[in-house]
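What the coordinates show
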Amino acid sequence: DPRTPDLKDLLWRITQATKRITYEFVDLNRSPALAKRYGIDRYGAIVVESGDKRRDVSNPNESLLMGALLSVTRARERFVYFVTGHGERSPDDGDRKTGMSVAKSTLEDEQFVVRNLPLMRTESIPIDATVVVMAGPRKDYLPGELEQIQGYLSRSGNLLMLLDPETPASVAAFAARFGITSPDQVVIDPEKRLAGGEGVTLMVADLMPSFLVSGTLEAPPVFSYARPLNVAAANRDSVIRFLTTSAGSYPVAPTNVRERGDAPAAAQLVGAAVVGSESLPGRAIVLGDSDFATNGIIDYLGNKDLLINSVNWLARDESLLAARAQSKEVGREQFFVTETQGALSFWLATVLQPALFFAAGTWVWFRRRAQ
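Here's what I pulled together on the structure shown here. Worth saying up front: this structure is predicted, and the values here are computed from it rather than measured.

Describing the pattern of salt bridges
Counting across every chain of the model gives twelve salt bridges. Lys104 is the partner of Asp92 in a salt bridge, and the nearest nitrogen-oxygen pair spans 2.9 Å. Of the two residues, Asp92 sits in the loop between strand S3 (78-84) and helix H4 (101-109) while Lys104 sits in helix H4, which places them twelve residues apart along the sequence. Residues Arg138 and Glu166 are paired through a salt bridge, measuring 3.9 Å at the closest nitrogen-oxygen approach. Taken as a pair, Arg138 in the loop between strand S5 (129-135) and helix H5 (143-154) and Glu166 in the loop between strand S6 (158-162) and helix H6 (169-175) lie far apart in primary sequence, 28 residues in all.

Here's the deal with the nonpolar core
Core analysis: the largest hydrophobic core is formed by 38 residues, its most contacted members being Leu160, Phe223, Phe242, Leu243, Ile285 and Leu287. By residue number, the principal contributor to this core is helix H8 (residues 303-314), which donates six residues. Leaving out residues up to four positions away in the same chain, Ile285 has contacts with Leu159, Leu160, Met161, Val213, Phe242, Ala272, Ala273, Ser310, Trp313 and Leu314. Within the second largest apolar cluster, 31 residues are counted, among which are Val132, Met161, Phe178 and Val239.

Some points on the packing of aromatic side chains
For the structure shown, the criterion picks out five aromatic pairs. A centroid spacing of 6.1 Å and a plane angle of 85° characterise the contact between Phe174 and Phe178, whose relative ring orientation is edge-to-face. On the accessibility criterion, Phe174 (1% relative accessible area) is buried. Here the aromatic cluster, defined as three or more aromatic residues joined through ring pairs, consists of Phe211, Phe242 and Trp313. The ring of Phe112 carries the charged tip of Arg78 above its face, separated from the ring centre by 3.6 Å.

Topic: helix H3 (residues 62-73)
The end-to-end C-alpha separation of H3 is 17 Å, in line with the 16 Å expected for twelve residues at 1.5 Å each. Three or more residues of H3 are buried, namely Leu65, Gly67, Ala68, Leu69, Ser71 and Val72. Where H3 is buried, its residues meet helix H1 (4-17), strand S1 (46-50), strand S2 (53-57) and H4.

Details of H5
Relative to the 16 Å expected for twelve residues at 1.5 Å per residue, H5 spans 16 Å between its end C-alpha atoms, a close match to the ideal helical length. By the burial criterion, the buried members of H5 are Glu145, Leu146, Gln148, Ile149, Gln150, Tyr152 and Leu153. Next to the buried residues of H5 lie S5, S6, H6 and strand S16 (280-287).

So, the packing of H1 against H3
Closest axis-to-axis distance for the H1/H3 pair is 11 Å, and the angle between their directions is 45°. Classed by the angle they form, the pair H1 and H3 counts as oblique. You can see that H1 and H3 cross each other, and the crossing is right-handed. On H3, the residues that touch Leu10, Leu11 and Ile14 of H1 are Glu62, Leu65, Met66 and Leu69. Classifying every residue of the contact of H1 with H3 gives six nonpolar, no polar and one charged.

Looking at the packing of H4 against H8
Helix-helix packing is described using two parameters, namely the angle between the two axes and the distance between the axes. Where H4 meets H8, the axes come as close as 11 Å, and the angle between the chain directions of the two elements is 55°. It follows that H4 is oblique to H8 by the angle criterion. For the pair H4 and H8, the sense of crossing is right-handed. In contact with Ala103, Thr106 and Leu107 of H4, H8 contributes Lys304, Leu307, Ile308 and Val311. Of the residues belonging to the contact of H4 with H8, the class tally is five nonpolar, one polar and one charged.

What to know about a nonpolar patch on the surface
Together, Trp12, Tyr23 and Phe25 make up an exposed nonpolar region whose accessible area comes to about 310 Å². Summarising the element assignment, Trp12 is placed in helix H1. Overall, the relative accessible area of 46% leaves Trp12 in the partly exposed class.

Some thoughts on unusual backbone geometry
You will see that Gln111, though not glycine, has its phi angle at about 70°, which is positive. One non-glycine residue, Arg316, lies in positive phi territory at about 65°. Inspection of the secondary structure puts Arg316 in the loop between H8 and helix H9 (339-370). We classify Arg316 as partly exposed; its relative accessible area is 37%.

Notes on the environment of Ile285
Its place among the elements puts Ile285 in strand S16. Classification of Ile285 as buried rests on a relative accessible area of 0%. Spatially, the C-alpha atom of Ile285 lies 7.4 Å from that of Gly271, the residues being 14 residues apart in sequence.

Some details on the pairing of S2
The pairing of S1 with S2 spans five bridges and is classified as antiparallel. Its bridge partner being in S2, Glu49 is matched across the sheet by Arg54. Count of turn residues in the S1/S2 antiparallel hairpin: two residues, of which Gly51 carries a positive phi of about 65°.

The rules behind the values
- Residues numbered from 1 in each chain as written.
- Predicted model: local features only at pLDDT ≥ 70, side-chain atom pairs only at ≥ 80, totals over all residues.
- Heavy atoms only, no water.
- Salt bridge = Lys/Arg side-chain N within 4 Å of Asp/Glu carboxyl O.
- Helix = DSSP H or I, 4+ residues; strand = E, 2+ residues; numbered from the N terminus.
- Core = buried A, V, L, I, M, F, W, Y, C linked by side-chain atoms within 4.5 Å.
- Buried < 20%, exposed > 50% of the residue type's maximum accessible area, 1.4 Å probe, protein only.
- Contact = heavy atoms within 4.5 Å.
- Phe/Tyr/Trp six-rings, centres within 6.5 Å; stacked < 30°, edge-to-face > 60°.
- Lys NZ or Arg CZ within 6 Å of the ring centre and 35° of its normal.
- Expected span 1.5 Å × (residues − 1).
- Axes fitted to C-alpha atoms, helices over the stretch in contact; angles between N-to-C directions.
- Parallel < 35°, antiparallel > 145°, perpendicular 65-115°, else oblique.
- Left-handed = near helix turned anticlockwise from the far one by under 90°.
- Nonpolar A, V, L, I, M, F, W, Y, C, P; charged D, E, K, R; others polar.
- Patch = residues over 30% accessible without salt bridge, like charges linked within 9 Å, V, L, I, M, F, W, Y side chains within 5 Å.
- Areas by Shrake-Rupley, 256 points an atom, 1.4 Å probe, with all protein chains shown as cover.
- Pairing = 2+ DSSP bridges.

Nothing here speaks to function; it is geometry throughout.
Spelled out as structure tokens, the structure:
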């Protein structure tokens, strides 16, 4: 297989890092019995075994191979449940703007088992739930459903809440139980909004370096139509403010995002984590946006890493928090600049550089005339 040299190099580097992994290359034509035993009938496949656990990787790359190694050596399976039934973004939806099917496949590559959780048809959240995700609900939860989630959190459960301006007030108020309030507003960041794009689509400027979820990101995440968060004074010690916008940002009403409003410019909190709270024995992360994890923009900058790091932190697998290789389309390079960077590029390339050449040419012309 043409990928074999790359795989040999990757596997060699792995064995240089640890002696607990060994590998062997097998030619299907020379070892048909062994290939039949493992059920392999194609070149380039990798079989990963540890004890009685096995994972097959048909299109191997570094991230998939690492996921398979973790899967066969991990003592427990990790389940991520996405709450459904209230207009949440679905992990089974392939729509570019609203679906989260790419997020699902990414979590599965990280060896999570992804399932839907219809609260209306359950009496309690399954005991095997490692993380529960509320991904941008559009309808109110019934009181009994919120109590199911509260009961899960009281059993040291872990919750990822992705809020939007469209999220009902009753759902946003649920986060206030562990110290995070969320006014029904939209964050505008003139300095960090994407150049040539919508004013509500921005790069999150300030990533807390001491918190593993944000400190391991190699690129800032891109949020669109983000909702600001606030921390209650009584919960400041238990809430980690790890994602904030630039100092020039401000909140506006969702119905009129083009109006500046009267709110003073100040950094807006859009990502917070809760740990060690009396009202929350488990862990929770609240993000003021769910669009960042949708199929259309999850591959932008640090979006995918933010989602995976958040889930791994909630699952208490801190050793897996890292920046992963960016997936790029062949022949296409992604290039993101903010409004400020775009304006600076315009003045440097379109105005200043030609002006310097013109000034230099004029000086040479006058000097020659003088001679």
